[in-house]
Each structure stands twice: as C-alpha cells, then as structure tokens.
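# Examining the three-dimensional arrangement
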Number of protein chains: 2
Amino acid sequence: MTAPPETDEFSLIARHFAPLASDAGALGLTDDAAVIDIPEGHQLVATKDAMVEGVHYLPDTAPGDIARKLLRVNLSDLAAMGAAPVGVLLACAFPKATRDEWIAEFAAGLGADLSEFNTGLLGGDTVSTGGLAVFSLTALGTVPKGEALTRGGAHPGDLVYVSGTLGDAAAGLGVLTKDLAGIEGADALAARHRHPIPRLALGQALRGIAGAAIDVSDGLMADAGHIADVSGVAIEIMAHKVPVSEPLAALIADDQALIALALAGGDDYELLFTAPAGRAEAVAAATKAAGIAVSEIGTVLAGKGITARDRDGAPVEIASPGWRHF
Amino acid sequence: MTAPPETDEFSLIARHFAPLASDAGALGLTDDAAVIDIPEGHQLVATKDAMVEGVHYLPDTAPGDIARKLLRVNLSDLAAMGAAPVGVLLACAFPKATRDEWIAEFAAGLGADLSEFNTGLLGGDTVSTGGLAVFSLTALGTVPKGEALTRGGAHPGDLVYVSGTLGDAAAGLGVLTKDLAGIEGADALAARHRHPIPRLALGQALRGIAGAAIDVSDGLMADAGHIADVSGVAIEIMAHKVPVSEPLAALIADDQALIALALAGGDDYELLFTAPAGRAEAVAAATKAAGIAVSEIGTVLAGKGITARDRDGAPVEIASPGWRHF
C-alpha cells in the first residue's frame, strides 16, 4: 500500500530534494510536517496549482523548466495577494519509467528558482504513477494582517492597470508549437512562456493602494472578468492602451486580429489591478519601487461584464488563436 | 495553455468544491489564494501527501473513500506533530473520462470528513489528465510556538508507546484484495484500511509530554526506524506487547508469522511516540483525555537500529505478507 518501494522514495528525496529544504521549518524534510514561524501581525497566504504532462506543458519541455514554471505560477498567485513567500510544498507523481537524471534536472530547476525568489522547500511527497506525470505545488506566504489584495476590491470610478506587456506568453506558445516559428523575437517570446515572472515586489508595493488585484493567467479579458464578478462591477478595457512588446507589436501590425493575443492570451502572469483615480501617484511610486512598468488600460464602471473598446470606442471582437491549446 | 476548458473547471469548482470552502480565509474559493489567521504565539504546521490511482488505492475504491483517506492521512501527519488543523488545499488531476457523479461523490466524502474533523477547504486546483487520477492534499495546522512534536526527540531510557491497535489496516487490505476474505471481523479490518483515524486529540494532548512522535504509515518497525534515525538512538520493540485487535489476534493464533502484520504492516495511522519513563502518569492522563488507549511497547537505547524481541528476548523475524503491495 505504501507507494513506491520505500527505500527508493527516501533515497530520491534525500538525493534530489533534501538539498532544497528551507532553513525555515522544513526540518530537513525528515519529519511528518514542516513547522513555520508566521511573524506577529501577519496572516498566512496559501495557494496550490497543479501541472499535468501533455496538458500544461509540451511533452518535450525540459524537466527544469517544468519545475520552474510550476513554482513561478504559484508565486504569482502570492504576488496577486500582495504576499511575500515563506516556502513551498511539492507533490510529484512521476511515471514509473522516469529516469533519475530527469528527476535531478527537475530538482535543479526548482532549486535555481527557489534561490532566485528567496524561498525554499518545506515538504511534500513523491509517488509513482502508471499514468502521466502530475505535479502540484503549494506556495505559502505572509501578508500584514488585513492588507491582502483580493479580487473583490474594485469600485466604479477606479482605474485599471496592468504590469509589463501582455500576449507574449501566448505568442511564445505559438513559437514553441511552430505556428509562429521564425518570427522576430521568437526566443524572447518563448522565454516569456517558459519562465513567467511572478510580480512579487509589485504585489507587495501595491498593498494599501490597489483595490483589487489578480495575476493574468487565463487571459486579460477572462481575468478582468474574475475581478468584475467578485467585485460586482463592470470593467471596460481600452484595447489600444494594452501594453505589448516590440515583437508582438510587429505581429499585430501585420495582422490586426492578433490583438487577441494580448487581450485573451493566457500565461503572462502580469498583475492586473484597480486603484482609485486619486491614487495614480501612489501607483506610480509603487511601480517605480518595484522596478516594473505599469500601464493604465481601462476603467471600472457600475454594472457587470467586460468590454474591450478600440480608440474610437467601438467594441473589439476577439478571435481565439488556434495554438492556444495543445 | 490553460488546462481544461475554463468554464468547465470553474463550474466544477462552484458545484462540488465551493460548498466545502472554509469560513477561515478561503474567500469562497474565488481568489488567487486563501488568507488565514494564525493565532498569536503559534506556529504553522504544513504537510502534503499524494494518492495515485492503482498505487495508493484499489481501482474499485469508492470516490468518497479516496477523498476521505487522502484527508485523513494528511491530518494524521498534523496529529503526529501535535498540531490542530486549520484547513486544507486540494489538487485533483481527474482523467478526462471522469463522470460528474464520480466527482460529486469524491467531494461529498471530502465534505463529510472535513466536517467530522472540524476543518475546511481553503483552495486548490482541478485539472484534467490523459493518464491516471492523481490527488494531492496540503493540510495546514497550528501548534503553540516551540511545542511541535518531532521525530528527533527520543532519548536513551525513554519508553516507547503506540496508540490503538496495529496491523488491522494491513489485514484489511488483505480482506479487500480477497487474500483474507471471509475471516472473522473482515468488515472491521477493511474499515480500518479505508478510514484510518487521525489521532488529533492524542497528538495535541501529548505536547510537552512526548519526546518524539510519528504516525505509523510505513509500518511499526519502519516508522520506529525513522524516529531512531532522526533522534540518533536505537529502539527495541517487545513484539508480544504490540497491541492487536481481536480479529488479528485470532489470525496470529492460527499462524504466528502473521505477527508481521502488526510489526510491519502499514497504514494504521496510530501514533508511535516516546516519553521519559518518569512521565508515565502524564502519558496516562493525556491518553485518557484523548479517549484512546495507548500501550507501552518498547524502550529507547543508546546506539542505532531497530530490534523486535519476543517475550524470551529472542529477535523476531518479520516475514512480509504478500498482499501488502498491489
């Protein structure tokens, strides 16, 4: 009933994952659970996302990139709450034929990014499966009590902002699936798909300033819709103000319909947030402190639903690019 | 790149999992992450275990029982740390052909046990897989600062205790796989395998009394070995003192080799712990308060390794029963 032969699991954890153990409570991954200090006056923030072979990553994705993306998308959820990471727990279901080198590369990628984002492994489980690989990660963070950013804080009259540029990850997926192979900036776009950047510093800087916040994982229109639903408001996006990278701008100049990449493409993991119009200076200061550009792209209105309009005020139709799903 | 069609995932969560959302910070499962209060003077305890179709449960297991066991084994890890649960996060990778009724039964089983153990769902992720089902659960708990029970606190001279009876879950697996079908008490044994009881009250009552603690998931000898390894001690188990249920005692009376079920069978999720010999009265008071019997089964010695001895002091040989793995 115990999963893989025990000695294998213990040896695998000892070799590949114990070196990633957090100093903060992981007990060297040798105990039943991690014990973690939460600073006084803070709340715990917890999130969990899973990735499945063939659904969330292409079969030829490098093992280290799978681990890095899994970590980054979870840290992005912490960023969207304004939280600072304290550690992660990881569950891996490896197909029985998985080679030890594959697991070593997976762990190395995870370790590199745990260091990059200044956090560590607190625990987890490794099991074997007769099916496809499934990974899930739980990210834990902290936020000063009562200061978490949520999806529910948007009010009519607020302005809508987004960090960085949108559509690059969707275009990057097109590069990886060859639909957009050979375009200008292909490598940079593919990198945006592979290694999204959780906007942790920005999320924390926006505490007390942003009303509502979310990370753009499902696509701008869909994620703006989540804010609108939970806040009980309508949101209008000005399509021509949505920030795009140079390579994506070139694509759109050739084919206007590709604006859909920026409006509906997923996986950019930029922060979409609202703030009262009177807080524009505070927003500017926060984004400067976080070192990431932010664009004002819309307004919050009374009502419900999401609309994108062009510079003439006409609704923008969004065609779904065919390579979004694989 | 977003996993299952979004509307499906959102509707599935809304129908089956949102009703299980914890009042304590789950935000109705509508946000990026949960926000949880940790009482002042307490530490967070976090653990994560996974279950895979065909590895951790038999293919014909009822969906509700899979969810209940997943929850219970994770709560058992909290129990072994002396922690009180605050909530759980769940990741489900459902095979594409999974029927909605199957998911409803899974959620109903989870909901029943979340109520039973007075905790709730804080968040998670549901995805689809082209392979076999994989579930992982993260259990979060709290413990007064510095009072967590660990595997590292056993000292030479301590006594070794275990709660309840051992070997029932392994015998119950034998019942379920038909190897032991039709024996006396078959239903009760199968129930021990299906629905292990996390010893939460006992774990909490043992804070400040037990030196080291672990839940018996890999089997008594293996788990005693984990305590010995981490504590840097040897442990001697008196095999004749290991508590067994009436049906298991009857089996062992017929075939002495079946003592291996109690010594090496996994999945009982009883608490194995050590305490100084001078704290026997405190142990008795804690176990009375927790409403679960505890047996003294061995001693902690200087050195390393685990030995089981019979009433004459001779080492006991442990034969692995063939139905332990499937």
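Shown above is the structure to which this text applies.
Here the structure is a predicted model, which means the values were calculated and not measured.

Scoring rules and cut-offs
Residues numbered from 1 in each chain as written. Chains lettered and ligands numbered in written order. Predicted model: local features only at pLDDT ≥ 70, side-chain atom pairs only at ≥ 80, totals over all residues. Heavy atoms only, no water. Least-squares fit on C-alpha atoms with pLDDT ≥ 70 in both. Contact = heavy atoms within 4.5 Å. Buried area = accessible area lost by both parts, 1.4 Å probe. Salt bridge = Lys/Arg side-chain N within 4 Å of Asp/Glu carboxyl O. Polar contact = N/O pair within 3.5 Å; in protein donor to acceptor, adjacent residues only side chain to side chain. Helix = DSSP H or I, 4+ residues; strand = E, 2+ residues; numbered from the N terminus. Nonpolar A, V, L, I, M, F, W, Y, C, P; charged D, E, K, R; others polar. Pairing = 2+ DSSP bridges. Axes fitted to C-alpha atoms, helices over the stretch in contact; angles between N-to-C directions. Buried < 20%, exposed > 50% of the residue type's maximum accessible area, 1.4 Å probe, protein only. Disulfide = S-S within 2.5 Å. Phe/Tyr/Trp six-rings, centres within 6.5 Å; stacked < 30°, edge-to-face > 60°. Parallel < 35°, antiparallel > 145°, perpendicular 65-115°, else oblique. Left-handed = near helix turned anticlockwise from the far one by under 90°.

What follows concerns the relation of the copies chain A and chain B. Overlaying chain A on chain B yields an RMSD of 0.0 Å, the required transformation being a rotation through 180° with an accompanying axial translation of 0.0 Å. In short, the pair behaves as if placed about a two-fold rotation axis. Closest approach to the rotation axis within chain A is made by the C-alpha atom of A:G131, at a distance of 2.1 Å. When the interface residues of chain A are mapped onto chain B, 99% of them are again interface residues, pointing to one common binding face.

Counting residues at the interface gives 70 residues for chain A and 69 residues for chain B. Both faces considered, chain A and chain B share a buried interface measuring about 5,500 Å² in area, 57% of it formed by carbon and sulfur atoms. For the pair chain A and chain B, the number of links is six salt bridges. With its nearest N and O atoms 3.0 Å apart, the salt bridge here joins B:K145 to A:D37. Here chain A is connected to chain B by 22 residue pairs in polar contact (both at pLDDT 80 or more). Element by element, the count of residues in the side of chain A that touches chain B is highest for strand β2 (residues 42-52) of chain A, at nine residues. Among the residues forming the side of chain A that touches chain B, the class breakdown is 35 nonpolar, 18 polar and 17 charged. Where β2(A) lies against strand β1 (residues 34-37) of chain B, four bridges are found, and the strand directions are antiparallel. When the sheet's bridge partners are listed, A:A46 is paired in β1(B) with B:A34.

Pairing is mixed in the open sheet, where five strands are placed in the order β4(A)-β3(A)-β5(A)-β2(A)-β1(B). Every interior strand has two partners, whereas the edge strands, β4 (121-129) of chain A together with β1 of chain B, have only one. Strand-to-strand twist in this sheet, taken as the mean axis angle between neighbours without regard to direction, amounts to 20°. Contacting β2, β3 (84-95) and β5 (134-144) of chain A, helix α2 (residues 63-80) of chain A crosses the sheet at an angle of about 145° to β2(A). Most of the contacts of helix α3 (residues 100-116) of chain A go to β3(A), to which it runs at about 170°, and overall it touches β3, β4 and β5 of chain A.

The subject of this paragraph is the pairing of strand β2 (residues 42-52) of chain B. All names here are of chain B. Most of β2 is tucked away, with ten of its eleven residues classed as buried. The pairing of β2 with strand β5 (residues 134-144) spans eleven bridges and is classified as antiparallel. Within β5, the residue paired with Q43 across the bridge is V143.

Moving on, we get to the state of the cysteines. Within the structure shown, the criterion is met by zero disulfides over all chains. For A:C92, which is in no disulfide, the shortest distance to another cysteine sulfur is to B:C92 and amounts to 17 Å. By relative accessible area, B:C92 is classed as buried at 1%.

Of note, A:H16 is situated in helix α1 (residues 6-17). Separated by 3.1 Å, the side chains of A:H16 and A:D100 make a polar contact.

The subject of this paragraph is the packing of aromatic side chains. Residues and elements named next belong to chain B. Tallied over the full model, the rule gives 14 aromatic pairs over all chains. When the centroid spacing of 5.7 Å and the interplanar angle of 70° are considered together, the rings of F94 and F135 count as edge-to-face. A residue pair is termed long-range when its members are at least 10 positions apart, and F94 in strand β3 (residues 84-95) and F135 in strand β5 qualify at 41 residues. By relative accessible area, which is 4% here, F94 ends up buried. Of the residues examined, F135 reaches a relative accessible area of 0% and is grouped as buried. Here the aromatic rings of Y161 and F273 are separated by 5.2 Å at their centres, their planes lie at 15°, and the arrangement is stacked.

Glancing now at the packing of α2(A) against α3(A). All names here are of chain A. Taken N-terminus to C-terminus, the directions of α2 and α3 make an angle of 40°; their axes are 7 Å apart at the nearest point. The angle between the axes of α2 and α3 places the two elements in the oblique class. As for how α2 packs across α3, the hand of that crossing is right-handed. Contacts between α2 and α3 involve P63, G64, I66, A67, R68, L71 and R72 from the first element and W102, E105, F106, G109, L110, D113, L114 and E116 from the second. Residues belonging to the contact of α2 with α3 are distributed by class as follows: eight nonpolar, two polar and five charged.

Just geometry here; none of it tells us what the structure is for.
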